[in-house]
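A closer look at the structure
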Number of protein chains: 2
Amino acid sequence: MTSPMLRLPLWFALAAVACAAISPAHGEDGYRLWLRYDRITNEPLRASYAAAIPSVTIIGGAIPAPGPNGDPVPLSPTLATARDELLTGLRGLLGNDIRVNFRSNMGAPISGGNESYILDAGPSGISIYSRTDIGALYGVFSLLRQIQLGRPLDRLERIGEPKIQRRLLDHWDNLDRFVERGYAGQSLWEWFYLPEIRSPRYRDYARAMASVGLNGVVLNNVNANALILTPVYLRKVAALAEEFRPYGIRVYLTARFSASIEIGGLKTADPLDLEVAAWWKKKTDEIYTFIPDFGGYLVKANSEGQPGPQDYKRTHADGANMMADALAPHGGVVMWRAFVYAATATEDRVKQAYSEFMPLDGKFRDNVVLQVKNGPLDFMPREPFSPLFGGMKKTVMAPELQITQEYTGQSTQVVYLAPLWKEVLDTNTFAEGPFAASIRERMARLRGTGSDTGGVYSPTSTVAHVADGTLWMRQVGATVIDGNQQPIMVPNQFSMIVGVANTGTDRNWTGHPLAQANWYAFGRLAWDHTLTAEAIADEWIRLTFGSDPQMLATMKKILLGSRETMVNYSMPLGLHHIMAEGNHYGPGPWPIANTTHPEWSPPYYHQADENGLGANRTATGSNALEQYAPQLAALWGNVDTVPENLLLWFHHVAWDHQMKSGRILWDELALRYQQGVDEVRVMQRDWDSLKGLIDDERFIEVKQRLARQEADARDWRDACLLYFQTFSKRPLPAGVEPPAHDLAYYEAAVIRFAPGHPGAK
Amino acid sequence: MTSPMLRLPLWFALAAVACAAISPAHGEDGYRLWLRYDRITNEPLRASYAAAIPSVTIIGGAIPAPGPNGDPVPLSPTLATARDELLTGLRGLLGNDIRVNFRSNMGAPISGGNESYILDAGPSGISIYSRTDIGALYGVFSLLRQIQLGRPLDRLERIGEPKIQRRLLDHWDNLDRFVERGYAGQSLWEWFYLPEIRSPRYRDYARAMASVGLNGVVLNNVNANALILTPVYLRKVAALAEEFRPYGIRVYLTARFSASIEIGGLKTADPLDLEVAAWWKKKTDEIYTFIPDFGGYLVKANSEGQPGPQDYKRTHADGANMMADALAPHGGVVMWRAFVYAATATEDRVKQAYSEFMPLDGKFRDNVVLQVKNGPLDFMPREPFSPLFGGMKKTVMAPELQITQEYTGQSTQVVYLAPLWKEVLDTNTFAEGPFAASIRERMARLRGTGSDTGGVYSPTSTVAHVADGTLWMRQVGATVIDGNQQPIMVPNQFSMIVGVANTGTDRNWTGHPLAQANWYAFGRLAWDHTLTAEAIADEWIRLTFGSDPQMLATMKKILLGSRETMVNYSMPLGLHHIMAEGNHYGPGPWPIANTTHPEWSPPYYHQADENGLGANRTATGSNALEQYAPQLAALWGNVDTVPENLLLWFHHVAWDHQMKSGRILWDELALRYQQGVDEVRVMQRDWDSLKGLIDDERFIEVKQRLARQEADARDWRDACLLYFQTFSKRPLPAGVEPPAHDLAYYEAAVIRFAPGHPGAK
C-alpha cells in the first residue's frame, strides 16, 4: 500500500481488506481431513521434536536385506508408502527433512499380531517395530498422529494392536455412482473410467482409511447388481484393489444371490443345486485371478426384495455356506446380513431377525460372519442393542454401524455418532451373566473337555466383547493369555466390525464438515473400542482444527452433546421410526399411504392412541423383551426401572404417566422436543463464538448448516407434537413454543429430490 | 538430509525422493481453471509490471460520489468484486499489493456499450473506463489476462466490447442433480441444500463465467420439470441469482410448456386459452418478485416428447408469444428451441426444423429468440450449418453450440471444439448474397422507405453475423455507424449465443482436464467471434499451463488437431449419427432394436448398401439442399465440388467412387479411420514429451485418458469398418490394421451405466 496518490478530482481509495479470504483455492475446504500436517505453531515444541527425530527407523520382519553394496533395495509398496507418509508428514509438521531407515530384524521375532507395531523413542530417533509392512505403516500413522496431538515423545503410546481383525467400510454405492443413503455427492468409484483412468482420490481415500486403521472396503451396495461380478467390472475392481493394496486395504464385494441366473445363465440360484454351487466356485476362483487378496462377499438376502435362499425353501445358512465353501480355499469370508424382516410377517418387526437366525446358530461355516445392525430395527437415533449379539454364541458376529447419517440429520445436521456407538458397544448383553466365564473355562468348553473355572481374564458380556471375539474366544492372532499366563491356541475364527460409509465425491468427503468426525471415530473404535467418545473427539478436533483451548472446549461440547440433542428434537424417550417416508429426512409420525408395508408406517411403532404412546414390547405386548437376557428383560420390562430414554421403545405409556421429572408424559415429551430446539440454538451460539478461532471457510459452512438444523429441529418439534396432540388432547405445557403451522401443513410438506433416496423424484 | 548415520547392523537408508508429488492437497487439480495468478517467473517482466502498476483506477458512470469527508463509500457488489479480483490477481502475479482507486466520471459520457471497457496505461498506473460496473469487472479480467499472457502494457488490447449481447451457458441439469449429457460429475446446483447452504463453488463458477465474458445461465434442463417454477424452488433460484449477480450473470430457467397443468392446476396448456396466458403472466410476475433481473424462459416444445403448443393445434409462435407477452413488461426474453423432429414425419429429419419454422418467420414477438443448434441434426463431429441461419430473416437467431462433448468423446477424449464452432460461425450462408447489403440499405428496408445503396459496412452473410445481429440489424446498444459515419438507431431487438455447459462437480469442473479449453473458448467466442481457434488455444494454454515454448507448441498442436482426428476415427467424410445408441459413446453404425424411431437408427443416415454409402440429400434424394442458398446448393449438390468432409452428408457415393486422393471411396474411408487412430498415437507421443514441462498431476490425468482414447479410436475404426465391409465386400487396404475382434463382438459390447445418459443402467 505504498503507491503514490494519483492527483485526480473526486477520487478515493479503498483499502485492500479481507483478501486472504478471497483465495479461490479453498485451502480449508476439508479435503485434507485429519491428515493436515501443518507446521507446529508451538515453536519450542516443534524444535524439541525436530531435535529428537533426526531419523525414523522402521524395523520389521518383512524388510528386505540390502543389496550387495548396501544400496537401497526396492521396498514393498507399503513400506514405500510408509516412508513417503513419514517424510511428507514430518516435513509439514517440523519443517525439515528427516532420514528414514529400514532394518531387517534378522529373523528375531517381533511380538504382536500381524497389524501391530511398537514405537520406541531412542537417543538417535524413533524406531518403529513391526512384524509386517502394514504394521509399520500403522506405526507411522500413529507416530504422526501423536506428534500432531503434541504428545511428548517420552509419553508416546508405544504399542498399537487392533482389537478386531477385519475393520471395514461398507459403501452402498451403485454402479451408476448413486450412493444409497449417501449425502456427500456421488460414489468415489468412477466405474466408467476404470481401469485406465484412476482418480488420485483413490489413494487419498486409502490413505485416510489406513490412517485410522481400517483395512477393508465393500465397494458396492448391499442392494446389489450382479454385473459387478462380470469380467468387465472385475478388471475395474482389480484396479481399485491395486490402488488400495499399499495401504493394507482389502476389497470385498456384495454378491447378489441370484447372480447365477442373471450373469451365470443358470435357471436357478438354489444354494443346494450342484450347478449353482459349481458356478459360485468357478466365479470365486475367477475373482481371485483378478484380485489375489479379495476379501469376500457381503450378502443381503431375502431382505427388502433382494433374492435369497428362502426363494428356494433353503435357510440363510444354506445360502451362506454355499458361498463360504467357494471362498474358503482362498481365505475369503462371507458377511451375511441379519437385516431381515417381512411385510407379511405378523411378528413385531424388531423380533424377526432374532427369530430367523437364532435357530441357525452353529450351522454356519467358520468363514461366515453374521453382520448385525447395532439395534433390532434400523439405525434409529437410539435403539437398544440387537438381541442377536447376546444370543448367537456359536456364530461370528459383526456389528454393522451406520456412519452415514440416514436417520440422524444426513449432511445438514451436526450429529457426532461416537456416543451412540459406544452406548451400544459398552452395553452388557448378560449373555454369560454379569461377567463372562474365565478364559480357561471357555477354552475347555470349546474343546469339549468339560469345565475349568480357573483363569483371570473375564470380560463382561458387552457387545464389544462379542465383536472382538474375546467373549466367545474367536479372535485369531491376538495374544490370548490364560490364567497361568500361557498363550492359548484359539479356534480358526475371526472378528469383524463394519461401518456404512458416509463418504462421497464432495470436496470434504462427507458433506457436513463435522461429519468427518464420524468416519474418524468409526475407524478409531474399530481399532480400539475402549477409546471414549470424548477422547476421540478431542483427537479429531485437534487434528482437524487445531488446539486452541477455547475452540477445543467449545467444539467438543458441540460434538459430544449433538447426538442427544438430535434425539431430543426428533425421537425422544425411546420413540423410533417416525421420520418422513422414503427420504427419511425430517418428521413423519403419521401413517403412510402404502398399506402393503404396515411395518413402514410410523404408527406401527409409536402406537399413539387416546390412552398413551409407545410400543408395548413386554409380555403383555409383542414380548420382544424375551429375546434379551433375563436381567435385561426384568430391568427393561418394568416401567419403573426401564431407562427413560428407552421408555417408549418397550412400553405403551399413559399420557398422564408420571415421569422422573414429576411431569406427566405428555408434558415431558413436549418439553423434550423444545429442549432439542433450544440445544440447537445453544450450538449455534457456541459455534458463533468460534469466529476467528478457526478458518472462515469452515466456520461459514457449519454456520449455514446449523441454521438449517435449527429450522429442521423446529419442524420436528411442531410436526410431532401437533400429530401426537391429536391423541393426547392436551395443551402444550408452558415453555414450548407454539407451532409455526398447522398439522396439515407439515403432512403436506414433501421434500423432493432428496439426496441418497433411491428413486427420489 | 543431515541426520547422523545410525550404527546398526544391516541397515540402509533410502533417500527422500519425489516427495513433492506426494502432497495430498493436489495443487494442480484443475480447480483454478485459467485464473491461476501464479507469480510471473520472468523476473524482469514481473518487475516491469510491478513498477508500472502502482495502482489501478476504475473510472465509470456508476461509481458513487465520495462521502462528505472523502471517505470510501460502500461500493456495489460488482465493483467490490472487481477490486478483490484485481488485488488477488496482482498480488499473485506480481507479488505485491497495489492501490485500487475508484473515480466518478462526473457525468461525462464514456463511449461503448453497457458491457464495454477501455484500458489505459498511464504514468501512474492503469485506468479502466467503463459506463457500468460490469464493464469495469470485464476490464479487470481483461487486464489480468493480458498480464498473465505477458503482454507489454504499451501493447495492451485497450478496448473490449462484446459483439453479442446475451452470452449464455445452458445447463442440462435436473433437480436430482443428474446432468443430462454431463460428464463431469453432478450438477453444481445443490438444490436440496439451497437457499440456506451455499457452496463457495457458486461464486467460483460465476467468477470463471465473468472472466470469459459470459453473462447468463439457464440453470436447468431443457427436458424440464415444472417444479422449478414453484416458490420452494424459486427461493433456491433466487439464492443462486444472488450469488451470481455481482459477476453480471443473469439467471434464466427452462419453462415446461405444460406447467399450467402440472403446477398451475389448470386443465390445459393451450397458449391461446386466456386462463393459461393469465397463469403465465401471474407466474412470471411472481418470478420477478424473487429474481428482479430474471433473464427469461428457455423452452423445448414438441420435441422428443416434451409438451408444446402443437398439442393444442397451435403453432410454435403461438406458444412462444404467449410466454413472451408475460415476460415483456419485465424485460425478459423467450428462447424457443428449433430442435424439433418427429418420429412420425416422413421428411428427412435434417429438413424438419426448417420446414417447421420458416413459415413462422416474422410471427414472433420482439423478445423471442429462436435457439438453433449449429447443424440441422444434432451436434455431430461435423455437420453443415443449420439452414435456418440463412433462412429466417425476421427472427432473432441464437446459435446453440454444445460445449459438453456428447458426440465428441465425452470426458475421456481430447477434442478441442473451437475449430468446429469457428467453422460454423465463419460459414457464409449467402443469405444476402456473397456480401450483405450495406447498412443504410438494410436500415431503409427495415424502415420500409425503399432502397438505399450507399454506405460501407457490408458484412458477409456468415452465421456469426446472423448471430451478432449485424446482418439483419438487430443489435441493440452496439455502436452501429452508417456509411456517413453517423450512428444509427436500430430496432428493439437483441442478439444471443448459447453453449450447452460441460461443467459439473468434478474437482476440475469439466472431467477431462483439457475440456476446460472448450468452456474457455466458448466464452471467448461468444464475446468476440472473430478470434481464431488458434489464438484462443494459445491464450488458454498460457493461462492454464504456462508459457514454456516447447510445451506451448506441443499442446497447441494437440488441441488444434484434435477435432479433425476425432472426425477421422469416428465419422469421416461427412458420416454422421453412427454412434452407440443411448449413451452416444463409441461406435454403433448398425440398426437399433427400437423400430418406433427410424430416425434414431444409424442406417437412416449412412444408407449403406451394396452400391455405396451416404445420404442422398440432392434433388434426387431428400433434397435437403433446397433449404440452402442457391450458391451452396449448387456447390454441395455436385459430387465433384462438395467438400469431401461433407461428401457422405449430401451424397450416396459408390464404393468405387474415385476420391481426390485417387483412391476409391472404400479405401479412402478405411484409411481415414486408420489415420484417426494413428493421429491419436501421435497425440500420445506428443503428450509424453510434455513430461517435466508441466505438473505430474495433470500430465498423468491426460496420459491416462489418451490411453483410453487410443483404445476407443481403435474400437471406432474396427466396428465401423467391419460393419460397412458387410456392404462394400472389399478387403481393407494396405496400411489399415486388422480388427481386433469380429463384428458380433462390437455389436454385443454395451457400455453399462455410462455417465450423462438418462436412464442408463
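What you are looking at is a predicted structure, and each value in this text was computed from that prediction instead of being measured.

**Observations regarding the overall build of chain A**
Counting its secondary structure elements, chain A contains 22 helices and 16 strands. Split into buried and exposed, the 761 residues of chain A put 63% on the buried side. In chain A, 72% of the contacts between residues at least 6 apart in sequence involve partners at least 24 apart. Accessible area of chain A: about 26500 Å², with a carbon and sulfur share of 53%.

**Some thoughts on the sheet that holds strand β7 (residues 166–170) of chain B**
Overall, parallel pairing links the eight strands, which are arranged β7-β8-β9-β10-β11-β12-β13-β14 (chain B) in a closed barrel. With strand direction ignored, the average angle separating the axes of adjacent strands in the sheet is 25°.

**A short note on the packing of helix α15 (residues 533–545) of chain B against helix α16 (residues 549–570) of chain B**
Residues and elements named next belong to chain B. Taken N-terminus to C-terminus, the directions of α15 and α16 make an angle of 130°; their axes are 10 Å apart at the nearest point. Here α15 lies oblique to α16, going by the angle between them. Handedness of the α15/α16 crossing: right-handed. For the pair α15 and α16, contact is made by Ala533, Glu534, Ala537, Asp538, Trp540, Ile541, Arg542 and Phe545 and by Met551, Leu552, Met555, Lys556, Leu559 and Leu560, respectively. Considered class by class, the residues forming the contact of α15 with α16 number 10 nonpolar, no polar and four charged.

**Considering the pattern of salt bridges**
All names here are of chain A. Tallying each qualifying case throughout the model produces 108 salt bridges over all chains. The shortest N-O distance in the salt bridge between Arg672 and Glu644 comes to 4.0 Å. With a gap of 28 residues between them, Arg672 in helix α20 (residues 665–688) and Glu644 in the loop between α18 (630–637) and α19 (647–650) connect regions that are remote in the sequence. When sorted by exposure, Arg672 lands in the same class as Glu644, which is buried.

**Notes on the nonpolar core**
Nonpolar side chains tend to gather and get buried jointly when the protein is soluble and globular. Ile58, Phe244, Trp280, Trp336 and Phe724 of chain B are the most contacted members of the largest nonpolar core, which totals 223 residues. Among the elements that take part in this core, helix α21 (residues 696–728) of chain B stands out by supplying 12 residues, more than any other. Those residues in contact with Phe244 of chain B that lie beyond four places of it in its chain are Trp189, Tyr202, Tyr205, Ala206, Val217, Leu219, Ile249 and Val251 of chain B. Within the second largest apolar cluster, 222 residues are counted, among which are Ile53, Phe379, Met555 and Phe724 of chain A.

**Focus on the sheet that holds strand β14 (residues 496–500) of chain A**
All names here are of chain A. Strand order in the closed barrel made by the eight strands is β7-β8-β9-β10-β11-β12-β13-β14, with parallel pairing throughout. Neighbour-to-neighbour, the strand axes of the sheet open up by a mean angle of 25°, direction not taken into account. In terms of strand pairing, strand β10 (residues 296–299) meets strand β11 (residues 333–337) through four bridges, oriented parallel. Across the sheet, the residue bridging to Val299 is Trp336, located in β11.

**A short note on helix α2 (residues 77–94) of chain B**
The terminal C-alpha atoms of α2 of chain B, which comprises 18 residues, lie 25 Å apart, in line with the 26 Å expected from a rise of 1.5 Å per residue. Gly95 of chain B occupies a position one or two residues after α2 of chain B and carries a positive phi of about 85°.

**Some words on the packing of aromatic side chains**
Applying the stated criterion to the full structure yields 68 aromatic pairs over all chains. Among the aromatic residues, ring-to-ring pairing joins Tyr31, Trp34, Trp189, Tyr202, Tyr205, Phe244, Trp509, Trp519 and Tyr520 of chain A into one connected group. The ring of Tyr31 of chain B has Arg507 of chain B lying over it, and the distance from NZ or CZ to the ring centre is 4.0 Å. The residue whose ring lies beneath Arg708 of chain B is Phe192 of chain A, and the NZ or CZ to ring-centre distance is 4.9 Å.

**Here we look at the side chain of His316 of chain B**
Residue and element names in this part refer to chain B. Position of His316 relative to the elements: it lies in helix α8 (residues 316–327). With relative accessibility at 0%, the residue His316 sits in the buried group. Setting aside its immediate chain neighbours within four residues, His316 contacts Ala301, Asn302, Pro309, Gln310, Trp336, Val340, Glu356, Phe357, Leu360 and Phe364.

**Some words on the confidence of the model for chain A**
All names here are of chain A. In this model, chain A carries an average pLDDT of 90, and 88% of its residues clear a pLDDT of 70 or more. Confidence drops under a pLDDT of 50 for residues 475–483, and excluding neighbours within four residues, the segment shows 35 contacts in the predicted structure. Segment residues 487–492: pLDDT under 50, and 18 contacts once partners within four positions in sequence are set aside and those in other chains are kept. Two numbers describe this predicted complex: its pTM, 0.93, and its ipTM, 0.92.

**Some points on the environment of Ile98 of chain A**
Residue and element names in this part refer to chain A. Turning to its location among the elements, Ile98 is positioned in the loop between α2 (77–94) and β3 (99–104). On the basis of relative accessibility, which here comes to 2%, the residue Ile98 falls in the buried class. Each C-alpha atom, one on Ile98 and one on Trp687, is 39 Å from the other, the two residues being 589 residues apart in sequence.

**Quick word on unusual backbone geometry**
Cis geometry is adopted by the peptide bond preceding Pro195 of chain A, which originates at Leu194 of chain A and carries an omega value of 0°. Along the chain, Pro195 of chain A falls in the loop between β7 (166–170) and α4 (201–211). For Tyr37 of chain A, which is not glycine, the phi torsion reads 60° and is therefore positive. In this fold, Tyr37 of chain A is placed in the loop between β1 (11–14) and α1 (43–52). For Tyr37 of chain A, a relative accessible area of 5% gives the class buried. A positive phi angle, close to 55°, is found at Asn623 of chain B, a residue other than glycine. Within the secondary structure, Asn623 of chain B sits in the loop between β15 (612–613) and α18 (630–637).

**Looking at the environment of Arg365 of chain B**
All names here are of chain B. One can find Arg365 in the loop between α9 (349–357) and β12 (368–373). Between the C-alpha atoms of Arg365 and Val100, which are 265 residues apart in sequence, the distance is 44 Å. Setting aside anything within four residues of it in sequence, one finds Arg365 in contact with Asn321, Ala324 and Asp325. Side chain to side chain, Arg365 and Asp325 meet in a polar contact 2.7 Å long.

**Details of the pairing of strand β2 (residues 55–60) of chain B**
All names here are of chain B. The element β2 is largely enclosed, with a buried count of six among its six residues. The alternating pattern of β2 places Ser55, Thr57 and Ile59 and Val56, Ile58 and Gly60 on opposite faces, both of which are buried. The pairing of β2 with strand β3 (residues 99–104) spans six bridges and is parallel. Considered in β3, the bridge of Ile58 is made with Phe102. One ladder, built from five bridges, connects β2 with strand β5 (residues 125–130); its direction is parallel. When the bridges of β5 are listed, Gly60 appears paired with Ser130.

Conventions adopted
Residues numbered from 1 in each chain as written. Chains lettered and ligands numbered in written order. Predicted model: local features only at pLDDT ≥ 70, side-chain atom pairs only at ≥ 80, totals over all residues. Heavy atoms only, no water. Helix = DSSP H or I, 4+ residues; strand = E, 2+ residues; numbered from the N terminus. Buried < 20%, exposed > 50% of the residue type's maximum accessible area, 1.4 Å probe, protein only. Contact = heavy atoms within 4.5 Å. Areas by Shrake-Rupley, 256 points an atom, 1.4 Å probe, with all protein chains shown as cover. Pairing = 2+ DSSP bridges. Axes fitted to C-alpha atoms, helices over the stretch in contact; angles between N-to-C directions. Parallel < 35°, antiparallel > 145°, perpendicular 65-115°, else oblique. Left-handed = near helix turned anticlockwise from the far one by under 90°. Nonpolar A, V, L, I, M, F, W, Y, C, P; charged D, E, K, R; others polar. Salt bridge = Lys/Arg side-chain N within 4 Å of Asp/Glu carboxyl O. Core = buried A, V, L, I, M, F, W, Y, C linked by side-chain atoms within 4.5 Å. Expected span 1.5 Å × (residues − 1). Phe/Tyr/Trp six-rings, centres within 6.5 Å; stacked < 30°, edge-to-face > 60°. Lys NZ or Arg CZ within 6 Å of the ring centre and 35° of its normal. pLDDT = per-residue confidence, 0-100. Polar contact = N/O pair within 3.5 Å; in protein donor to acceptor, adjacent residues only side chain to side chain.

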